[in-house]
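Residues per chain are reported as follows:
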4 protein chains.
Amino acid sequence: MTEKNKTSIPSPAPIAEPTGKLGVLLVGLGAVSTTFIAGVEAVRRGKALPIGSLTQMACIRLGKRTENRNPRIRDFVPLATLDDLVFGAWDIFPDSAYEAALHAGVLERSLIEDLKPFLSKIKPMPAAFDRSYVKRLDGRNVKPAANKYELAEQLIADIENFRKKHHCTRLVMIWCASTEVYLEPAPKHHGTLKAFEAAMKANHKSIAPSMLYAYAALKCGVPFANGAPNLTVDIPALIELAQMNHVPICGKDFKTGQTFMKTLIAPGLKSRMLGLQGWYSTNILGNRDGEVLDDPESFKTKEESKLSVLEYILQPELYPELYRDFSHVVRINYYPPRGDNKEGWDNIDIVGWLGYPMQVKINFLCRDSILAAPLVLDLALFLDLAQRAGMRGIQEWLSFYFKSPMVAPQLYPEHDIFIQLMKLKNTLRHLRGEDLITHLGLEYYD
Amino acid sequence: MTEKNKTSIPSPAPIAEPTGKLGVLLVGLGAVSTTFIAGVEAVRRGKALPIGSLTQMACIRLGKRTENRNPRIRDFVPLATLDDLVFGAWDIFPDSAYEAALHAGVLERSLIEDLKPFLSKIKPMPAAFDRSYVKRLDGRNVKPAANKYELAEQLIADIENFRKKHHCTRLVMIWCASTEVYLEPAPKHHGTLKAFEAAMKANHKSIAPSMLYAYAALKCGVPFANGAPNLTVDIPALIELAQMNHVPICGKDFKTGQTFMKTLIAPGLKSRMLGLQGWYSTNILGNRDGEVLDDPESFKTKEESKLSVLEYILQPELYPELYRDFSHVVRINYYPPRGDNKEGWDNIDIVGWLGYPMQVKINFLCRDSILAAPLVLDLALFLDLAQRAGMRGIQEWLSFYFKSPMVAPQLYPEHDIFIQLMKLKNTLRHLRGEDLITHLGLEYYD
Amino acid sequence: MTEKNKTSIPSPAPIAEPTGKLGVLLVGLGAVSTTFIAGVEAVRRGKALPIGSLTQMACIRLGKRTENRNPRIRDFVPLATLDDLVFGAWDIFPDSAYEAALHAGVLERSLIEDLKPFLSKIKPMPAAFDRSYVKRLDGRNVKPAANKYELAEQLIADIENFRKKHHCTRLVMIWCASTEVYLEPAPKHHGTLKAFEAAMKANHKSIAPSMLYAYAALKCGVPFANGAPNLTVDIPALIELAQMNHVPICGKDFKTGQTFMKTLIAPGLKSRMLGLQGWYSTNILGNRDGEVLDDPESFKTKEESKLSVLEYILQPELYPELYRDFSHVVRINYYPPRGDNKEGWDNIDIVGWLGYPMQVKINFLCRDSILAAPLVLDLALFLDLAQRAGMRGIQEWLSFYFKSPMVAPQLYPEHDIFIQLMKLKNTLRHLRGEDLITHLGLEYYD
Amino acid sequence: MTEKNKTSIPSPAPIAEPTGKLGVLLVGLGAVSTTFIAGVEAVRRGKALPIGSLTQMACIRLGKRTENRNPRIRDFVPLATLDDLVFGAWDIFPDSAYEAALHAGVLERSLIEDLKPFLSKIKPMPAAFDRSYVKRLDGRNVKPAANKYELAEQLIADIENFRKKHHCTRLVMIWCASTEVYLEPAPKHHGTLKAFEAAMKANHKSIAPSMLYAYAALKCGVPFANGAPNLTVDIPALIELAQMNHVPICGKDFKTGQTFMKTLIAPGLKSRMLGLQGWYSTNILGNRDGEVLDDPESFKTKEESKLSVLEYILQPELYPELYRDFSHVVRINYYPPRGDNKEGWDNIDIVGWLGYPMQVKINFLCRDSILAAPLVLDLALFLDLAQRAGMRGIQEWLSFYFKSPMVAPQLYPEHDIFIQLMKLKNTLRHLRGEDLITHLGLEYYD
Ligand SMILES: NC(=O)c1ccc[n+]([C@@H]2O[C@H](COP(=O)([O-])OP(=O)(O)OC[C@H]3O[C@@H](n4cnc5c(N)ncnc54)[C@H](O)[C@@H]3O)[C@@H](O)[C@H]2O)c1
Ligand SMILES: NC(=O)c1ccc[n+]([C@@H]2O[C@H](COP(=O)([O-])OP(=O)(O)OC[C@H]3O[C@@H](n4cnc5c(N)ncnc54)[C@H](O)[C@@H]3O)[C@@H](O)[C@H]2O)c1
Ligand SMILES: NC(=O)c1ccc[n+]([C@@H]2O[C@H](COP(=O)([O-])OP(=O)(O)OC[C@H]3O[C@@H](n4cnc5c(N)ncnc54)[C@H](O)[C@@H]3O)[C@@H](O)[C@H]2O)c1
Ligand SMILES: NC(=O)c1ccc[n+]([C@@H]2O[C@H](COP(=O)([O-])OP(=O)(O)OC[C@H]3O[C@@H](n4cnc5c(N)ncnc54)[C@H](O)[C@@H]3O)[C@@H](O)[C@H]2O)c1
Ligand code: NA
Ligand code: NA
């Protein structure tokens, strides 16, 4: 937005207070979910810091640079506290959060043992699952049902039971389950809510299990975030439902690791008008996610999500001499010695003054779930905030967290992480009636 | 700045047209200067692209995202064209730009030979030089003088002769000479213009040769940029002179290579609230600049410039748990096989959720002068623009180009390259009366 | 061999002198072949050094350390000189060596232009080719024939014509053509010379074009080396023919780049009894070879060749605790910005004292054909030497040059490059009746 | 040695059996020593494997390749077993092995706690120490004495007390203490045993504390190995004493980490006659050893040891075109986040066919003490073996373990790790009357 057009911006509604329990419903109780749950509990017990979480750690600058006003975000907007959170999950394996955390191999055994009584109590509800959407997995903790519509009804029942049992005033749902195979958008079945419901009943193959969870959440008025690259809630039918039921939604695909790095480096190269000849990215990882992505169809979903980032950031249509013809290769290799410590190697071929070539190589020894867990926390708290602030449908200001951000149909997605962060923070400023930051700063001179 | 305080921003003055020749006076005719000069000439002849230069290549987004207004910067603000530029230089070696370019070994021999007639004509004027400020160099093309004040007077004469000889309507001066030894700010001699002039006459050791060039420029009303980390124009006496004579100034130390990367990565880590345990940076380079920096005193000047970057970006005072105690080591090693292809290796120890460590390694096979040359061009054109727009003194909006940006005394320097770029672009928008960008964008929803 | 068993070693026959021209027949006139030919010519003209070639550069230590006898290999054994070499080639494209060298993009244009008259005269003979063995290529310079046997007869005619036309006293042939698709050994057709000739006439699909070249060479008494991983001469039928006709043969797959590095590092790890958990190797390259290897079937041939190396060096059967279960992944990605500069990135997960893990990362910015060309030269000269020394059949002592060395059926291949080099040098010592080196050296003490 | 000269090799004496306890006396009870001691105990308890140790893990090939004789080294030569070992130490800090191991931060806390009763009993004897030889350290557990000779006498008493107290039949001593400052060889004081003893009494500064330990050991007939780069036992006076008293000695400076890698890669480059333009090595480490090496004088001792390696391996005198003028830079930087995990980054500029340049980058994430501990074990056992086999003075066959191997005065040191290993194994074969391996292998053909 721009200053002049201020009139067109909806002025912020009052924000309801976050009283009572907030239930966080996780689809999939794997590496990311258990790292998130165990971490929140460890933080609540004062054993660790919620590093990587903006809602818990970040400050927001207000006013002029010389005013020195930098409150914590959580003191600036009314968020649920960690103590308010209760957790639920679905998974195709019956393992409790304790067993699943051990299996995931992300956290140190001693921490998991400390939290054993707490984690053991979190047992996954039976999943809505179908092997044709995740070829490498097979589990028994699965709901039987006549058709997809019936599955959705069972999920709705799960949600309402959870709400009652845990006395929650609000809920949010986050997809942290495996990446499903690549599905083309199917306007005939995804185009309207009506068509979608008909397709569910007809058991149509363009309705993936993840869509059933999203549908169930929205029917129950529960905000939904999608941490994987599957289509899921990013179809007209479900966007319509979100609008109708006043529910905020966002996605897709948590931005961590290599893509996170890409969205730092690429805007940096563009900021300096350095050209790009090629970008080769390879990843090695050895966890269950890596096993699932070893299947070419699941990989295709991920690849699409990872490839588009550069195109959008670099704007080849504006800068054909710099960014039109670069070669972009992304590979993921299942390599068991790495475990959850997904490692990336990037080779970037850039071009400078008069066309002289240079190279940047980046080796990122990261930990996948350690990077993803704080995003789950922020999304849970921000979606709940959005709902209390009366925001509904696509939350573009949460693009910061995603590799393939959902946006209004007429817009291109913004991938530059710095613009995304500015959008997020200016949204918070706007919600509280504070001035937006432009970084002009001429008032300090003369 | 913020929306509310708009009233306090000086409203943009009309900008004088860039008619006539613009003389670019370069202190030092080494690798950077010759790469810049030869490059501009190659671009003028249609043989190469000015990649890396915002003034030549970049667009600027205006209005709303859906308006699709993205003019080239050079079509948006009135800049001198490449055809308007004429070049002059001082150096302690008598080599012409042709010989110096061959010696520097940056550009391909065949390109240099093509431009031989043009480059051979650019011969350096004798330098104001003193070996005690650059220990590793010794040259004969040096001005004899009774004292530093006399040297400054000779430089002033050089400037005015150049102006006349080349029929320039405007001039700018850019320090592209070797890094001088580390000097502490000396309030007694640097504090006021009067004290400064006295110290020059007294030949005081706190007056480095670079200060004489800056003094001469400002006396002649010529904007001055400092591409090296030496104090030079960043002292109260010369800031006072710049204000008095209505001359824009900026510096210090071109931001290229490793530090450029640092100012991409560090804001990215902070954007996600990832902690930092340590950052180890080593550089290998084999050109004359590397030889000069092999002297511990010159290195100290550079090291100070390179070290402060992280402190400012990461704000340890706001985020003590994340950024207080990291270990930051910067090394530069003279390694002749590299030539001008300065290569950096960075090891970054970061910390995520619950304190788990991760590592990023960056290997940048860069070309020092290829990265610096377009910055010289942009600074020349933007300083000239600033002068025609009536801006004087420190140009904070040009921080984008520097490792140690000059700022108003009450402010901390902004090192985040994305904020710097936003500041630069919003300054241009402001100069032309366009709306500033805030990236809120809520008007696209609901 | 061991000292005691000396009696069983065939004692060296006298070696015929290398008088007259040696014709080097290259199958494939691509990047490797043209880099080899142009390089030999540049060396003959005194413009460059034959770096990477043992026959041209290396010394060989004789006697005790204190004797200081280190003649050049080429002064120690009677080799053809560079001046004796004449070149011929087959290719499916009609480009001369001049055009092919330009296309390959390995050597600087200026060098190729200097050699233009020489290179233009080398024009490829029409190839024996069949697209079903190299799916990504299609060329018109191809021999028509009723069946494979007829093709072989045409190749024999080519060889004899070349011999006459260029007045060669000796010939050698080296396969430098594209990697063919993976073929399983087919005992029924490859098992005996008789079966093989029948299969050629029957146009059987287990007879690849490369086998026709090898057959033709051996029929003409011409030593044959195989630089690619295809089976080619490594089948019982052709080994039988080599024995019968007294022709030396060797192969397969030039050991350069990443595999070369592997055979340095792996013996080093084993020398220290450091364990291995995994080795991930990825390659990016952008030349025609890369394009061919982008085809999964050609890649499979290469992959087999690249994977076996570690198994043999590390001897998991002797060291199960250290080397039984490591994960070994090799990837090749076609990435055009790299051109011929194939780049490798290796991640090696090793294990030390008490099981503690460590990592080695190797990034090799290599040039494929620059590494391969001197191997072609050495193989040509050493095969010719072997023939003059009366050696026939598999030349295990040339294992040094290959990723998948051919060995006697009862033996495992030796991949350790240091053992291979010792074997090569001790073979030369043996040929000249010098003592073999054992590196005991106790005679220097007490 | 060579076959013909077999007569000059001393034929192997019978080897005394290793009955009774072997006392291992460690100078310095820091990271390496405690990792060694705790590791041996963990292995004795069946909790871990002695990975990295040839005496415990390696096999040795005997006879022909087809014989398949590959006994473990420890079954082939009579070595002390792990159960026979008892440990003693000196240190300037009074911490027991338990406390020192915790401080070192190499092994997991849980392992150290398991071994607490055992480790706590190992308490260091007061050290012979002088701060002017290790500037960064200061400890109180130090022997007072009138002069250096008296200190040596106290050490002799310590040794004999230990022998009696622990009922040892044999002892060995290994220097695992800090690197002392660089000392020039001082022929006047180091030249003969007599001069050396006079200098001790005169408290001459060319007698470092490490020499006193070595002197005491040799006087007591105890074999001595030097794991640091200090001169120590590598002076004529002490070599004379070793000969006289029939004691084996070896050193200097454990070859681990980066130098270990160098001695793999450099012979590999030379094997292929690839030229070298430069080798830049940087190390980051954060343990006490790193702190000591941060002192320029201690670093100089280390640097000398690290630099010479390449010169010897590459033989520039034989290969001036390839190896005469390369640039070799070695840096060590103290960087606390690394702890004991010393990390190396190497950049290697190589040259191939016709002079084309290539690069290899190696990033070694190693663990210093994990690599050193098994070397301590092997040296203890092999020195004891040597003594029982009647070998005395310099043990060149143990060069395999050292960065600066001690050799007979007329010889150059052998740095190639593969030659070193061959020498070691052929020495063992020789001791047992087995054939030496030459890798000729012609007997398998024809
Ligand atoms: N940094 C990151 O970790 C990161 C980043 C981006 C995206 N993601 C995505 O987040 C998701 C979770 O990652 P993870 O590492 O936790 O994977 P994981 O394999 O450890 O866990 C996923 C869990 O989902 C379960 N599951 C699969 N289908 C289900 C269904 N229909 N209903 C209920 N449960 C189902 C699986 O059984 C498994 O336990 C993956 O899709 C991954 O691609 C992760
Ligand atoms: N990427 C980059 O190249 C980069 C980045 C940041 C800063 N810099 C700085 O830019 C400057 C120029 O870099 P370069 O690579 O061209 O170095 P260079 O050594 O090639 O050229 C510097 C020239 O300045 C001359 N000189 C020294 N003192 C002088 C004086 N008093 N008057 C006139 N001439 C003098 C020297 O003789 C030399 O020719 C250096 O200070 C360098 O640190 C360069
Ligand atoms: N370092 C190295 O370069 C290296 C290492 C190991 C193996 N190799 C192998 O060496 C071979 C040559 O490599 P290159 O880089 O020169 O490849 P290239 O693609 O540049 O050249 C191969 C040439 O062979 C020709 N060809 C294909 N089939 C033929 C046939 N049946 N008869 C005649 N010509 C035929 C092609 O037209 C092409 O011109 C490849 O198989 C490659 O895998 C190369
Ligand atoms: N990979 C490796 O770890 C490696 C490789 C090569 C060489 N080294 C060398 O091995 C030695 C030990 O390494 P570390 O990591 O164990 O170091 P450390 O600093 O942990 O231990 C050395 C110990 O020696 C003690 N010490 C110093 N001077 C002494 C003296 N005169 N008498 C008795 N004790 C004394 C110190 O107090 C300290 O506890 C160092 O010299 C190091 O350079 C180690
Ligand atoms: Na890959
Ligand atoms: Na360094």
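Residues numbered from 1 in each chain as written. Chains lettered and ligands numbered in written order. Predicted model: local features only at pLDDT ≥ 70, side-chain atom pairs only at ≥ 80, totals over all residues. Heavy atoms only, no water.

Enquirer: So what's going on with the UniProt feature "domain: Myo-inositol-1-phosphate synthase GAPDH-like" (unreviewed entry) in chain A? Residues and values would help.
Expert: As recorded in UniProt, the sites labelled "domain: Myo-inositol-1-phosphate synthase GAPDH-like" (unreviewed entry) are residues 257-369 of chain A. Helix makes up 41% of residues 257-369 of chain A and strand 33%, with an end-to-end C-alpha separation of 10 Å. (UniProt positions renumbered as here; feature names shortened; annotations may be inferred. Helix = DSSP H or I, 4+ residues; strand = E, 2+ residues; numbered from the N terminus.)

Enquirer: Any details on the coordination of the sodium ion (ligand 6)? Residues and values, ideally.
Expert: The sodium ion (ligand 6) binds to the protein through Tyr-280 of chain B (OH), Thr-282 of chain B (OG1), Asn-333 of chain B (OD1), Tyr-280 of chain D (OH), Thr-282 of chain D (OG1) and Asn-333 of chain D (OD1); the donor distances cover 2.9 to 3.2 Å. Around the sodium ion (ligand 6), the six donor atoms are arranged such that angles at the metal cover 51 to 151°; this shape is classified as irregular. Accessibility assignment for this pair places Tyr-280 of chain B and Thr-282 of chain B in one class, buried. (Donors = N, O, S within 2.8 Å, 3.2 Å for Na, K, Ca; no water. Tetrahedral: all angles 85-135°; square planar, octahedral: opposite > 155°, others 65-115°. Buried < 20%, exposed > 50% of the residue type's maximum accessible area, 1.4 Å probe, protein only.)

Enquirer: Explain the coordination of the sodium ion (ligand 5) to me, and be specific about the residues and the numbers.
Expert: Taken together, the protein ligands of the sodium ion (ligand 5) are Tyr-280 of chain A (OH), Thr-282 of chain A (OG1), Asn-333 of chain A (OD1), Tyr-280 of chain C (OH), Thr-282 of chain C (OG1) and Asn-333 of chain C (OD1), with distances of 2.9 to 3.2 Å. Here the sodium ion (ligand 5) is ringed by six donor atoms whose angles at the metal span 51 to 152°, and the overall shape comes out irregular.

Enquirer: Tell me about the relation of the copies chain C and chain D, and please be specific about residues and values.
Expert: Between chain C and chain D, the superposition needs a rotation of 180° and an axial shift of 0.0 Å, giving an RMSD of 0.0 Å. Seen this way, the second copy is the image of the first under a two-fold rotation axis. For chain C, the residue whose C-alpha comes nearest the rotation axis is Ile-362 of chain C, separated from it by 2.3 Å. A symmetric contact is evident, with 100% of the interface residues of chain C recurring at the interface of chain D. (Least-squares fit on C-alpha atoms with pLDDT ≥ 70 in both. Contact = heavy atoms within 4.5 Å.)

Enquirer: Help me get a handle on the packing of helix α9 (residues 193-201) of chain C against helix α10 (residues 209-219) of chain C, residues and values and all.
Expert: Residues and elements named next belong to chain C. At a minimum axis separation of 12 Å, α9 and α10 run at an interaxial angle of 125°. Comparing their axes, α10 and α9 come out oblique. Our pair here, α9 against α10, has a crossing hand that is left-handed. Along its contact with α9, which presents Leu-193, Phe-196, Glu-197 and Met-200, the element α10 presents Met-211, Leu-212, Tyr-215 and Lys-219. Of the residues in the contact of α9 with α10, the class split is six nonpolar, no polar and two charged. (Axes fitted to C-alpha atoms, helices over the stretch in contact; angles between N-to-C directions. Parallel < 35°, antiparallel > 145°, perpendicular 65-115°, else oblique. Left-handed = near helix turned anticlockwise from the far one by under 90°. Nonpolar A, V, L, I, M, F, W, Y, C, P; charged D, E, K, R; others polar.)

Enquirer: Which residues make up the site of ligand 3, and what values do they have?
Expert: All names here are of chain C. Neighbouring ligand 3 are 30 residues, the closest being Val-32, Asp-91, Ala-177, Thr-256 and Arg-288. Residue Ala-177 places a main-chain N or O atom 2.7 Å away from an oxygen atom belonging to ligand 3. Between ligand 3 and the protein, one listed contact pairs an oxygen atom with a side-chain N or O atom of Lys-302 at 2.9 Å. Contributions of two or more residues to the shell around ligand 3 are made by α1 (31-44), β2 (85-91), α13 (288-293) and α16 (368-388). Among the residues forming the shell around ligand 3, the class breakdown is 17 nonpolar, six polar and seven charged. (Near = heavy atom within 4 Å. Polar contact = N/O pair within 3.5 Å; in protein donor to acceptor, adjacent residues only side chain to side chain.)

Enquirer: Any chance you could break down the pairing of strand β9 (residues 343-351) of chain C for me, citing the residues and the numbers?
Expert: All names here are of chain C. In terms of burial, β9 is largely enclosed, as nine of its nine residues are buried. Of the two faces of β9, the one carrying Glu-343, Trp-345, Asn-347, Asp-349 and Val-351 and the one carrying Gly-344, Asp-346, Ile-348 and Ile-350 are both buried. Bridge analysis of strand β7 (residues 275-285) against β9 gives nine bridges, and the strand direction is antiparallel. Counterpart to Ser-281 in the pairing with β9 is Asp-346. Alignment of β9 against strand β10 (residues 357-365), held across nine bridges, turns out to be antiparallel. When the bridges of β10 are listed, Ile-350 appears paired with Met-358. Counting the residues that bridge the hairpin from β9 to β10 gives five residues, and of these Leu-354 lies at a positive phi of roughly 65°. (Pairing = 2+ DSSP bridges.)

Enquirer: Tell me about the confidence of the model for chain A, and please be specific about residues and values.
Expert: All names here are of chain A. Of all residues in chain A, 97% attain a pLDDT of 70 or more, and the chain-wide mean is 93. This stretch, residues 1-7, has a pLDDT under 50; its non-local contacts, to residues over four places away or in other chains, come to 25 contacts. Across the assembled chains, the prediction reports ipTM 0.92 with pTM 0.93. (pLDDT = per-residue confidence, 0-100.)

Enquirer: Can you tell me about the site of ligand 2, naming the residues and giving the values?
Expert: Residues and elements named next belong to chain B. Neighbouring ligand 2 are 30 residues, the closest being Val-32, Asp-91, Ala-177, Thr-256 and Arg-288. For ligand 2, an oxygen atom lies 3.4 Å from a polar atom in the backbone of Ser-178. By residue class, the composition of the shell around ligand 2 is 17 nonpolar, six polar and seven charged.

Enquirer: Report on the interface of chain C and chain D, specifying residues and quantitative values.
Expert: Across the contact, 109 residues belong to chain C and 109 residues belong to chain D. Interface of chain C and chain D: buried area, both sides summed, is about 10100 Å²; carbon and sulfur atoms make up 64% of it. At the boundary of chain C with chain D, the tally comes to two salt bridges. One salt bridge in this structure joins Arg-72 of chain C and Glu-321 of chain D, with 3.8 Å as the shortest N-O distance. Those elements giving two or more residues to the side of chain C that touches chain D turn out to be α1, α2 (54-57), α12 (257-271), α15 (320-323), β9, β10, α16 and α17 (417-431) of chain C. Tallied by class, the residues present in the side of chain C that touches chain D amount to 64 nonpolar, 26 polar and 19 charged. Here β10 of chain C runs beside strand β10 (residues 357-365) of chain D; their pairing, made up of seven bridges, is antiparallel. The residue bridging Lys-361 of chain C from the neighbouring strand is Asn-363 of chain D, located in β10 of chain D. (Buried area = accessible area lost by both parts, 1.4 Å probe. Salt bridge = Lys/Arg side-chain N within 4 Å of Asp/Glu carboxyl O.)

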